[in-house]
Amino acid sequence: MPNTPTSPAAGHLLTLLQLSDSALPTGSFSHSLGLESYLSTEAVHDEASFTLWLEKFLSQSLAYTDGLTVRLAYEAAGGAELARIDALVTAAAVPRQIREAGVKMGARMLHVATNVFPTPELEEYRLQVQSGACSGHPGIAFALGARGAGAPCADTVAAYLFSTITSLTQNAIRGIPIGQNAGQRVLRAMHAPVLQTVDMIFGLEAQDLGAAAPGLEIAQMRHEHLRARMFMS
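Residues numbered from 1 in each chain as written. Predicted model: local features only at pLDDT ≥ 70, side-chain atom pairs only at ≥ 80, totals over all residues. Heavy atoms only, no water.

As annotated in an unreviewed UniProt entry, the chain is Urease accessory protein UreF from Paeniglutamicibacter gangotriensis. Regarding the chain, the relevant UniProt record gives this comment under Sequence similarities (unreviewed entry): "Belongs to the UreF family." Of the chain, the UniProt comment under Subunit (unreviewed entry) reads exactly: "UreD, UreF and UreG form a complex that acts as a GTP-hydrolysis-dependent molecular chaperone, activating the urease apoprotein by helping to assemble the nickel containing metallocenter of UreC. The UreE protein probably delivers the nickel." (UniProt positions renumbered as here; feature names shortened; annotations may be inferred.)

**Observations regarding the environment of Cys134**
Secondary-structure assignment places Cys134 in the loop between α7 (120-131) and α8 (138-148). In this structure, the C-alpha to C-alpha distance between Cys134 and Thr51, residues 83 residues apart in sequence, is 34 Å. Residues within four places of Cys134 in sequence aside, it is in contact with Ala83, Asp86, Tyr125, Gln128 and Val129. (Helix = DSSP H or I, 4+ residues; strand = E, 2+ residues; numbered from the N terminus. Contact = heavy atoms within 4.5 Å.)

**Points about helix α10 (residues 180-189)**
An α-helix turns once every 3.6 residues. As a result, residues three or four positions apart point the same way. Those residues of α10 that sit buried are Ala182, Gly183, Val186 and Leu187. Buried positions in α10, seen along its axis, are confined to an arc of 140° and lie on one side of it. What points out from α10, more than 90 degrees from its buried face, is the exposed set Asn181 and Arg188. Looking at the buried positions of α10, the neighbouring elements they touch are α3 (47-60), α9 (153-175) and α11 (191-201). (Buried < 20%, exposed > 50% of the residue type's maximum accessible area, 1.4 Å probe, protein only. Arc of directions from axis to C-beta.)

**So, the confidence of the model for the chain**
Per-residue confidence for the chain gives a mean pLDDT of 89; residues scoring 70 or more make up 94%. Helix α12 (residues 214-223) is the least confidently modelled element of the chain, averaging 84 in pLDDT, while α11 averages 98, the highest of any element. (pLDDT = per-residue confidence, 0-100.)

**Here's the deal with the nonpolar core**
Ranked by internal contacts, the top residues of the largest apolar core, which has 66 residues, are Phe50, Trp53, Leu54 and Leu161. Among the elements that line this core, the one with the most residues is α9, at ten residues. (Core = buried A, V, L, I, M, F, W, Y, C linked by side-chain atoms within 4.5 Å.)

If you want it as structure tokens, here you go:
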């Protein structure tokens with residue numbers, strides 16, 4: 001039986017797959033990140049309208065918040081720089097629910113990453129969060145875990161973006177609802193936009209962090225006042 005050589009990329013690929021798996025216990029299934037407000041007004045009501053919303057969310061919000069955070073954290077030189085990125089992305093989360101969601105999911109991502117993919121950088125960040133010096137953000141923990149495994153920065157950003165897209169699609173399947181096949185069509189349609197957004201993120205500066213769409217932020221603020229809610233944000 002012939003030997004099958006192991007690809008040198010397999011190690012970091014498997015790490016990215018695990019960190020970006022929708023089964024990772026970060027609590028993302030509890031958050032719509034503002035989508036539920038659009039469902040309540042029926043602005044998003046089917047596969048086509050959800051796909052359009054998702055594209056706008058990706059390019060006008062996620063790119064300038066979590067996506068850029070992942071890149072900056074990956075490129076960060078040390079703990080002081082990570083603390084600054086943590087402070088910036090926390091301050092940029094204007095809606096209270098979104099800020100709290102980031103802290104909750106960040107704590108879970110950091111717990112998983114430090115237990116499964118431990119590195120000195122992750123441990124330092126964990127101690128910063130534990131001491132209160134940092135709030136904790138899932139994108140930072142994700143970036144440090146992926147960098148420790150040797151994953152390229154662009155692959156790390158793409159994996160994080162697509163992981164968020166997948167979580168939102170799973171929540172749309174339940175919330176709209178759309179079928180599982182429709183969800184897979186949406187994910188396939190998002191391949192090109194995700195890659196385009198990765199390219200865009202590498203053209204941004206740290207000062208662009210938090211430049212999200214005001215309409216989305218307003219929808220995220222309105223969510224906590226909805227009469228009935230399926231999601232925490």
